[in-house]
Amino acid sequence: MSDGTTPHRKKRIFSGMQPSGEAHLGNYLGALKRWVDMQDEYDCIWCIVDDHAITSGTDPRELPGNVFDLAVSFLAVGLDPERAIIFVQSDVHEHTELAWLFNAVTPVGDLERMTQYKDKASRVESVPAGILNYPILQAADILVYKADAVPVGEDQRQHLELARDVARKFNAAYGDTFPEPAALIGDAGRIRGLDGDAKMSKSIGNTVGILAELDEVWARVRTAVTDPQRVRRTDPGRPEVCNVFSLHKFFSDEETVEDVATQCRAATRGCVECKKILAENIAAAFAPFRERAAHYRAHPEEVKRILDEGAEKARAIASATMAEVRRKMGLRWRDALG
Ligand code: SF4
């Protein structure tokens, strides 16, 4: 209770992740790590967004397995069904239903202006409507729960702005219904790929799975690009421009991070040794994840139960919103019968 009379409601947040199998380092540093920490402070809803995945032409034979693997990753890193709602988007049809209704208040021009749309559309000959409409479904994902805020990376800020616009336009047309969700931008910054690419992604192959053993982590980390000016071992390096050093800051303790920087500048430690330390620290940080994942893989019925219960809780909130939306939009023909 906040003042003895008014019940204090935690702020509700929603976030989703597309299922492409086991989560990777970029998913972990850019989102999951933060989501785990948010679970005490917020009323959290974590969603596996398989309805979004179909817009990128996912193979239907692989999609169910990818959903399961991502659910295992969610649980392995510490997303907690006791403290948060964890579910699969396609289990709650209200998302797609609300997205359709939001078509009524979303100008095509706003969708065409989205940077991600322009980027994706430039790479295909025939643009599926789903790529254009993707942000409308994202708006529905968030607003169907009347979420107060959304933890997003910088690259999703524009889509969240659109969701806020959709809420505003809907409220103006049909009466006050949705809050305008705020952006909770993380401080992890942009997580560059191990190859130095701007984005860490499984499809590019410049990352490592969060359930990887040391051998696999090392196989990936040893290929990571470093300071391009450090050609020979005797060349002093610049940790501030080295991606390996950025990753040390996430996975190594303060003393090690300082030591890595000092030895890099003084050229007293080679890049191979520096990467080995990083690989060991990453694999050690992943060890509890691997243990929990092994448990859930051995008990798939437990994962199913968690997702079923999550979907039920999500549906209870979403269906109440939809009843209100349908009423406000006049989608109740029986009322005409008196
Ligand atoms: Fe990067 Fe480490 Fe090599 Fe320095 S020693 S350039 S921090 S990999």
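Residue positions are given per chain, counting from 1 as you read along its sequence in written order. Owing to the predicted nature of the model, reporting of local features is limited to residues with pLDDT of at least 70; listing and counting of side-chain atom pairs is limited to 80 or more, with chain, interface and lining totals taken over all residues. As a convention, hydrogens and water are excluded, and side-chain values are obtained from all of the structure's heavy atoms.

On to the site of the ligand, then. Only heavy atoms are used to decide nearness, and a residue is near a molecule or strand if one of them lies within 4 Å of it. Neighbouring the ligand are the residues Thr-226, Asp-227, Arg-230, Cys-242, Val-244, Phe-245, Cys-264, Cys-271 and Cys-274. Breaking the shell around the ligand down by element, the ones donating at least two residues are helix H10 (243–251) and helix H12 (271–298). Classifying every residue of the shell around the ligand by side-chain character gives 6 nonpolar, 1 polar and 2 charged. Helix and strand definitions follow DSSP, with helices as H or I runs of at least four residues and strands as E runs of at least two, each counted in order from the N terminus. Ten residues, namely Ala, Val, Leu, Ile, Met, Phe, Trp, Tyr, Cys and Pro, are considered nonpolar, four, namely Asp, Glu, Lys and Arg, are considered charged, and the remaining ones, Gly among them, are considered polar.

Attention now goes to the environment of Gly-16. Relative to the helices and strands, Gly-16 is located in strand S1 (residues 12–17). Between the C-alpha atoms of Gly-16 and Pro-60, which are 44 residues apart in sequence, the distance is 20 Å. Between two residues, a contact is recorded if the distance between any of their heavy atoms is within 4.5 Å. When residues no more than four places from it in sequence are discounted, the contact partners of Gly-16 are Trp-35, Cys-47 and Val-49.

So, on to the pairing of strand S4 (residues 149–152). The alternating pattern of S4 places Ala-149 and Pro-151 and Val-150 and Val-152 on opposite faces, both of which are buried. One ladder, built from 4 bridges, connects S4 with strand S5 (residues 182–185); its direction is parallel. If you follow Val-152 over to S5, its bridge partner there is Ile-185. Each parallel crossover has a hand, and for S4 linked through helix H8 (residues 157–174) to S5 it is right-handed. Burial here depends on accessible area, computed with a 1.4 Å probe over protein chains only, as a share of the maximum for the residue type. Under 20% is buried, over 50% is exposed, and the range in between is partly exposed. Whether two strands pair comes down to DSSP finding at least two bridges between them. Handedness of a crossover: with both strands directed away from the viewer, a clockwise path from the first strand across the helix to the second marks it as right-handed.

Glancing now at helix H11 (residues 254–266). Helices are assigned an expected span. That span is 1.5 Å times one less than the residue count. With 13 residues, H11 ought to run about 18 Å at 1.5 Å a step, and its terminal C-alpha atoms sit 18 Å apart, in line with that. Among the residues making up H11, those that are buried are Thr-256, Val-257, Val-260, Ala-261, Gln-263 and Cys-264. If you follow the buried residues of H11, they end up packed against H10 and H12. Directly beyond the C-terminal end of H11, a positive phi value near 60 degrees is found at Ala-267.

Bear in mind that shape data such as this cannot, by itself, settle questions of function.
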